[in-house]
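Single-letter residue listing:
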Amino acid sequence: MHQFLSDRIRGRGFLIAASAAILLLSFAPEAAAQATVAAVKQRGTLICGVDPGVPGLAFQDASGKYQGLDIDLCRATAAAIFGDAQKVKYVPLTAKARFPALQSGEIDLLVRDSGFNYTRNTQMGLQGAAINFYAGLVFMVKKSLGVKSGKEFNGATLCAIQGSTIETNTSDFARANKIKINIVSYETSDESVKAYLAGRCDILCDDNGSMAAMRSTFKNPDDHVILPEMISREPNAAFTRQGDELFTNIVKWSHYAMVTAEDLGVSSKNVDEMREKGNDPEMKRLLGVEGDFGPMMGLDRYWAYNIIKQVGNYGESYEKYFGMSSPLQLPRGMNALWRDGGLMYSPPFR
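Residues numbered from 1 in each chain as written. Predicted model: local features only at pLDDT ≥ 70, side-chain atom pairs only at ≥ 80, totals over all residues. Heavy atoms only, no water.

S.K.: I'm lost on the overall build of the protein chain in this one. Help?
M.R.: The helix and strand inventory of the protein chain stands at 13 helices and 11 strands. Over its C-alpha atoms, taken along the principal directions, the protein chain stretches across nearly 95 × 65 × 35 Å. Classification of the 350 residues of the protein chain by burial places 48% in the buried group. Relative to all contacts within the protein chain whose residues are 6 or more apart in sequence, the contacts with residues 24 or more apart total 72%. For the protein chain, the centre of its 38 positive side-chain charges and the centre of its 38 negative side-chain charges are spaced 3 Å apart. (Helix = DSSP H or I, 4+ residues; strand = E, 2+ residues; numbered from the N terminus. Buried < 20%, exposed > 50% of the residue type's maximum accessible area, 1.4 Å probe, protein only. Contact = heavy atoms within 4.5 Å. Lys, Arg positive; Asp, Glu negative; His and termini not counted. Charge placed at Lys NZ, Arg CZ, Asp CG, Glu CD.)

As structure tokens, this is what we get:
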């Protein structure tokens, strides 16, 4: 009898302990999901990893201020969290160092012309929170070579960047077309470009946006030709850590707010008028006139208004850095809105 009671007491104790453990575990994911947002708010600054310098995407102007399409997504995220797009610290990172910096917590957010793919999502434990630039890898060669296609590259040498997808995609392209391309890798993009210009290799490869940016910096850009074929899909994304669901959602919907604003005709120039006089229900929800969409993510109800007012819509950002009025003059192509034949598309705010 005593043994039976003792066993029952021990059994109840085990059940209580197990229940407590389950209860603690049920709260753990929620705490992890909010860890980055809490750290960013406590610090008072968003730490964003960016490219050390590539026109159009991330670069410093004459005054040392960071500019570019990637920079605008960092700024939009800060505007959503703080109501102030200036509360960002930028950390320039090489291709090799970018993902370890995010995984280790050195940075909160990585927006560095980085393609989102299967391995980075699964093996590296990262989320492609928002695709802000649809691109594809292309080749550039000296016009004097007279090359029309990458299939003519048998025996040629390519300058690549360590830790990038250029190495693997070029190798795949060579295998698929039964040619041999010799790859020489450098730690930074600057080093690979200098090697190419010095004649140490025949080919450069990068996504079409970065390639257009590189060529614009050459002394004689017309002496170099970007071949028309794309050898891979490179959806450039803003990366966050898996498990940081709240922060990932904020980054994702900050991008979508910029895309939706363009779709609805709301810009940095007319956002105040639209907030006051606009009749579209989705526009009202976006700008905080109706609903509590900001508080759903722990943000101010005017979080999206702050993004559009301080950063602009997606079209404004693209035009400033890549559009026909910019030095790069890169047609929007895949980065046009869905209604204009592109891939830029936002789920609805409802």
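S.K.: Where do I start with unusual backbone geometry in this structure?
M.R.: Leaving glycine aside, a negative phi is the common case for residues, and trans is the common case for peptide bonds. Phi is positive for Asp113, close to 30 degrees, though the residue is something other than glycine. Considering the arrangement of structural elements, one finds Asp113 in strand E5 (residues 109-115). For Asp113, a relative accessible area of 13% translates into the label buried. If you check the backbone angles, Lys178 has positive phi at about 55 degrees while not being a glycine. Secondary-structure assignment places Lys178 in the loop between helix H6 (166-176) and strand E8 (182-186).

S.K.: Would you explain helix H9 (residues 245-264) in this entry?
M.R.: The periodicity of an α-helix, 3.6 residues per turn, causes residues three or four positions apart to be oriented the same way. Counted at 1.5 Å a residue, the expected span for H9 with its 20 residues is 28 Å, and the 27 Å between its end C-alpha atoms agrees. Within H9, 14 of the 20 residues are buried, which leaves the element mostly enclosed by the surrounding structure. Just beyond H9, the residue with positive phi is Gly265, at close to 80 degrees. (Expected span 1.5 Å × (residues − 1).)

S.K.: Just checking my understanding: could you explain the side chain of Thr260 for this structure?
M.R.: Topologically, Thr260 is positioned in helix H9. Residue Thr260 is classed as buried on the basis of its relative accessible area of 4%.

S.K.: How should the packing of aromatic side chains be read in this particular structure?
M.R.: The geometry of an aromatic ring pair is captured by the separation of the ring centres together with the interplanar angle, meaning the angle of the planes. In total, this model carries 15 aromatic pairs according to the counting rule given. On the numbers, 5.0 Å between centres and 70 degrees between planes, the contact of Trp253 with Tyr256 is edge-to-face. Here the residue Trp253 and the residue Tyr256 both occupy positions in helix H9, the gap between them amounting to 3 residues, near one helical turn. The exposure class of Tyr256 is buried, given its relative accessible area of 19%. Residues Trp253 and Phe349 carry aromatic rings whose centres are separated by 5.0 Å and whose planes lie at 80 degrees to one another, so their mutual orientation is edge-to-face. With Trp253 in helix H9 and Phe349 in the segment after helix H13 (314-321), the pair connects residues that are 96 residues apart, well separated along the chain. What makes Phe349 buried here is its relative accessible area of 3%. A connected cluster of aromatic rings, assembled from ring pairs, spans Phe133, Tyr314, Tyr318 and Phe322. The ring of Tyr196 is capped by Lys142, whose NZ or CZ atom sits 4.2 Å from the centre of that ring. Over the ring of Tyr302 we find Arg301, and its NZ or CZ is 5.9 Å from the ring centre. (Phe/Tyr/Trp six-rings, centres within 6.5 Å; stacked < 30°, edge-to-face > 60°. Lys NZ or Arg CZ within 6 Å of the ring centre and 35° of its normal.)

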